[in-house]
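As a plain string of letters, each chain reads:
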Amino acid sequence: MGRFLMAEENFRTITGEDKIFGINKKAKEMIEKVGKENVANATVGSLLDEEGNLVVLSSVVEVLKDLNPLDYAEYAPIAGLPKFLESVKKAVFMDYEPEGYIEAVATPGGTGAIRNTIQNYTKRGDTILTSDWYWSPYKTITQELERKLDTYTLFDDNNNFNHAAFENKLTEVMTQQDRIVVIINTPSHNPTGYSLTLKDWDNVINAAKKIASDKTKKIVLLVDIAYIDFAGNAKESREFLSKLTNLPENILPLISYSMSKSFTLYGMRGGALICMSPNKEITDEFKLVNSFSCRASWSNCNRSAMITLSSIYEDASLLNKVVKEREVAQTMLLSRGKAFMDEAEKIGLSTCPYDAGFFIIVTCENPEAVSEELFKDGIFTVPFDNRGLRISIASISKPWCSLLPEKIDKAIKKVNAK
Ligand code: PLP
């Protein structure tokens with residue numbers, strides 16, 4: 001291409017542009033000029049309180065502050081500290097114990113878990129499948145690993161999970177290749193806020209089973225649960241996990257777990273990849289190949305993040321404190337979502353179906369122009385996929401959430417009437 005001087009492009013599209021960063025910068029400039037109470041910066045992907053400060057769970061910070069030097073200075077085992085891996089299983093499954101074998105490997109956040117899955121369960125050039133609304137690093141990671149990303153249409157005309165589109169796309173890709181990683185981000189999907197229902201899961205699993213009846217085919221269902229602790233009732237949002245047991249051996253469910261949101265430790269890079277199978281050889285192999293990948297990419301993970309999680313799970317009263325504090329944060333977020341969606345419904349603003357989570361998508365034409373129009377009102381949103389605006393309700397106050405739908409509606413009408 002002649003664009004790089006010393007570097008190689010290697011199958012990736014590297015533009016260096018960061019749209020979100022650019023809009024965020026504009027929002028900050030406006031705050032300087034007109035004051036933060038007059039600006040809604042709905043671009044930030046982390047949870048801020050009603051005053052615009054990052055929510056940091058103080059119960060988690062206390063644990064961090066109490067660590068002794070060896071807790072952070074020493075190397076951790078490549079696959080993660082055993083007591084951390086036990087705690088991760090509790091964090092994911094709570095008191096539900098899935099049948100079969102379970103293994104876990106520590107990763108730097110959910111990002112590392114996604115990376116390791118793609119590296120170990122597909123070949124170079126393979127297609128990875130996810131929904132058409134998706135978290136953009138899925139594409140970055142697939143490109144980095146010299147794979148391709150394909151998508152199915154997430155919602156049908158009635159704004160329900162599009163089972164037919166899922167099955168058709170999966171079937172189509174599996175006529176071209178014998179193995180696949182399917183990434184499903186639920187509950188509280190980024191960027192729409194949708195959570196797959198139990199019925200949706202039945203359909204997903206049935207579609208996978210049809211293909212897996214051919215034993216030469218291998219399907220990895222990677223469930224990205226980055227937002228599971230902000231999805232409402234903790235037990236209900238984990239109910240789908242029981243659907244992932246007793247599957248044929250050539251359908252392998254993996255779970256990508258992240259401490260970033262659940263413990264407000266975005267910068268500590270804590271996470272894990274979990275594997276469930278009725279076959280011990282498959283979980284042993286999982287441990288082996290993923291340990292290799294860890295060694296080859298980041299070696300071992302952040303020891304202090306691991307110790308923090310295991311300390312919390314070793315002490316019931318501490319865990320209770322964290323859970324209670326997180327519930328307060330979650331209630332704040334859910335009430336913002338409700339404020340936005342109630343108003344959107346009242347005025348007939350078109351959105352993707354939203355259950356919970358950090359983001360809401362308003363669907364519209366010309367989102368770039370609509371987003372720019374909204375700058376004039378001090379509202380900063382992210383144009384998404386040329387068919388919507390991504391609103392981070394995690395980063396704006398509840399009063400702004402109530403105000404935004406009408407402002408957005410006006411901007412859409414103004415831009416698209418031209
Ligand atoms: N998956 C989704 C959909 C996300 O939005 C995020 C974070 O924003 C992650 C995974 C993982 O984040 P981390 O690598 O910080 O755990």
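As the structure is a computational prediction, the values presented were derived from the model and not from experiment. (Residues numbered from 1 in each chain as written. Predicted model: local features only at pLDDT ≥ 70, side-chain atom pairs only at ≥ 80, totals over all residues. Heavy atoms only, no water.)

Some points on the packing of helix α13 (residues 367-375) against helix α14 (residues 398-417)
What counts is decided by this rule: In this analysis an axis means a line fitted to C-alpha atoms, helices contributing only their contacting stretch, and an angle means the value between N-to-C directions, from 0 to 180 degrees. Put simply, DSSP H or I for four residues or longer makes a helix, DSSP E for two residues or longer makes a strand, and each gets a number counted from the N terminus. The scheme is simple: roughly parallel for angles under 35 degrees, roughly antiparallel for over 145, roughly perpendicular for 65 to 115, oblique for anything else. Definitions for this section: a left-handed crossing has its near helix turned counterclockwise from the far helix by less than a right angle. A right-handed crossing has that turn clockwise. Any two residues having at least one pair of non-hydrogen atoms within 4.5 Å are treated as being in contact. Asp, Glu, Lys and Arg are counted as charged, while Ala, Val, Leu, Ile, Met, Phe, Trp, Tyr, Cys and Pro are counted as nonpolar; the rest, among them Gly, fall into the polar class.
Where α13 contacts α14, the two axes come as close as 9 Å, and the packing angle between them is 125°. Judged by the inter-axis angle, α13 sits oblique to α14. Crossing of α13 over α14 shows right-handed handedness. Each of A369, V370, E373 and L374 in α13 lies in contact with α14, whose residues at this interface are K407, I408, A411, I412, K414 and V415. The class makeup of the residues in the contact of α13 with α14 is seven nonpolar, no polar and three charged.

Description of α14
What counts is decided by this rule: Given a helix with a known number of residues, its expected span is that number minus one, times 1.5 Å. To get the bend at any residue, fit one axis to the seven residues that end at it and another to the seven that begin at it, then take the angle between the two axes. Each residue is assigned to one of three classes by its accessible area relative to the maximum for its type, calculated with a 1.4 Å probe on protein chains only: buried under 20%, partly exposed between the two thresholds, exposed over 50%.
A rise of 1.5 Å per residue sets the reference length of α14, with its 20 residues, at 28 Å; its end C-alpha atoms lie 30 Å apart and thus fit the reference within 8%. Largest kink in α14: about 35°, centred on L404, with the proline P405 one to four residues after it. By the burial criterion, the buried members of α14 are W400, C401, L404, P405, I408, D409, A411, I412 and V415.

So, the state of the cysteines
Keep this limit in mind: Here, a disulfide means two cysteine sulfur atoms that sit within 2.5 Å of each other.
Scanning the model with the defined rule gives zero disulfides in all. The thiol of C352 is unpaired, and the distance to the nearest cysteine sulfur, on C364, comes to 11 Å. Residue C352 is classed as buried on the basis of its relative accessible area of 3%. When its relative accessible area of 10% is taken as the criterion, C364 is described as buried.

Re the sheet that holds strand β12 (residues 388-392)
How we decide: In short, DSSP must find at least two bridges between two strands for them to pair.
Spatially, three strands are ordered β9-β12-β11 in an open sheet, and the strand pairing comes out antiparallel. Taken across any chain shown, the strands that pair with only one partner, and hence form the sheet edges, are β9 (359-363) and β11 (382-384). Here the strands of the sheet are splayed against their neighbours by 35° on average, with no regard to which way each runs. Of the strand pairs in this sheet, β9 and β12 are connected by five bridges, and their pairing is antiparallel. If you follow I360 over to β12, its bridge partner there is I391.

Just geometry here; none of it tells us what the structure is for.
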